[in-house]
Amino acid sequence: DSPEEWRCDANSMCKEGKMIQAVFLFLPQSCADSSNDQQSSSTCNEPDAALFSTWLASNDDAHMVVSDTKGAFLYDGAIQRGSTVVLDGSKVNNNNQFRGTTIVDIYAQQGDATPLQSIEFKTRCNRLYELRVGDSFGSIVMEGSVGIDSITGTSSFCDAP
């Protein structure tokens, strides 16, 4: 296999290839419940723990803002518990692929000054920062991805078990 060829398996969402879309499930939970292999390179915090706990116990709706470290917005809108959001690499650059780090801020409602939860994790395909179905970063859970094979130009959805 060429190092540029898109392959999908249970071990990685972008093994040896280029992820062009990432699909995440919104499942409100504490940062302490995060489960992924990026622990040393990802961050998750709740700036006001009491406010987060109160919101978590009584709400299913939130406002989510997703961007990268260079300010490209991938998503900005309302989201409900159990719904998915598709992050599209074409909103980041002309190569249709994610830059190094993605930032997710979750607010109780649009216009709030302080997020309930702030998350940063790696979305660029890199052997050091693999993404897998089921990886969770605070309130978001990796559901799948779309990758492209640069040799054939074909894309495929990956939601390996």
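Cut-offs and rules
- Residues numbered from 1 in each chain as written.
- Predicted model: local features only at pLDDT ≥ 70, side-chain atom pairs only at ≥ 80, totals over all residues.
- Heavy atoms only, no water.
- Phe/Tyr/Trp six-rings, centres within 6.5 Å; stacked < 30°, edge-to-face > 60°.
- Helix = DSSP H or I, 4+ residues; strand = E, 2+ residues; numbered from the N terminus.
- Buried < 20%, exposed > 50% of the residue type's maximum accessible area, 1.4 Å probe, protein only.
- Disulfide = S-S within 2.5 Å.
- Contact = heavy atoms within 4.5 Å.
- Pairing = 2+ DSSP bridges.
- Axes fitted to C-alpha atoms, helices over the stretch in contact; angles between N-to-C directions.

A. Looking closely at the packing of aromatic side chains. Taken as a whole and assessed by the stated rule, the structure comprises three aromatic pairs. Ring centres of Phe 24 and Phe 121 lie 5.4 Å apart, and the angle between their planes is 65°; this geometry places the pair in the edge-to-face category. Within this pair, whereas Phe 24 is found in strand β1 (residues 18-26), its partner Phe 121 is found in strand β7 (residues 117-122), the two being separated by 97 residues in sequence. Exposure class is identical for Phe 24 and Phe 121. Each is buried. With a centroid separation of 4.5 Å and an interplanar angle of 20°, the aromatic rings of Phe 121 and Phe 137 are classed as stacked. A residue pair is termed long-range when its members are at least 10 positions apart, and Phe 121 in strand β7 and Phe 137 in strand β8 (residues 136-137) qualify at 16 residues. The structure contains a cluster of three or more aromatic residues connected by ring pairs, namely Phe 24, Phe 121 and Phe 137.

B. Representation of the state of the cysteines within the structure. Scanning all chains against the criterion turns up one disulfide. Here Cys 31 connects covalently by a disulfide to Cys 44, the sulfurs 2.0 Å from one another. Sign of the S-S torsion, about -70° for the bond between Cys 31 and Cys 44, identifies this disulfide as left-handed. You can see Cys 31 sitting in the loop between β1 and β2 (43-45) and its partner Cys 44 sitting in strand β2, a full 13 residues away along the chain. For Cys 44, a relative accessible area of 24% gives the class partly exposed.

C. Inspection of the side chain of Glu 46 at higher detail. Mapped onto the elements of the fold, Glu 46 is located in the loop between β2 and α1 (49-58). The contacts of Glu 46, once residues within four sequence positions are left out, are Gln 29, Ser 30, Cys 31, Phe 52, Leu 116 and Gln 117.

D. Quick look at the sheet that holds β2. The strand order across the open sheet built from five strands is β2-β7-β6-β3-β4, with neighbouring strands paired in antiparallel fashion. Every interior strand has two partners, whereas the edge strands, β2 and β4 (73-80), have only one. Along the sheet, successive strands turn relative to each other by an average axial angle of 15°, direction set aside. Here strand β3 (residues 61-68) pairs with β4 via seven bridges, running antiparallel. Paired with Asp 61 across the two strands is Gln 80, which belongs to β4.

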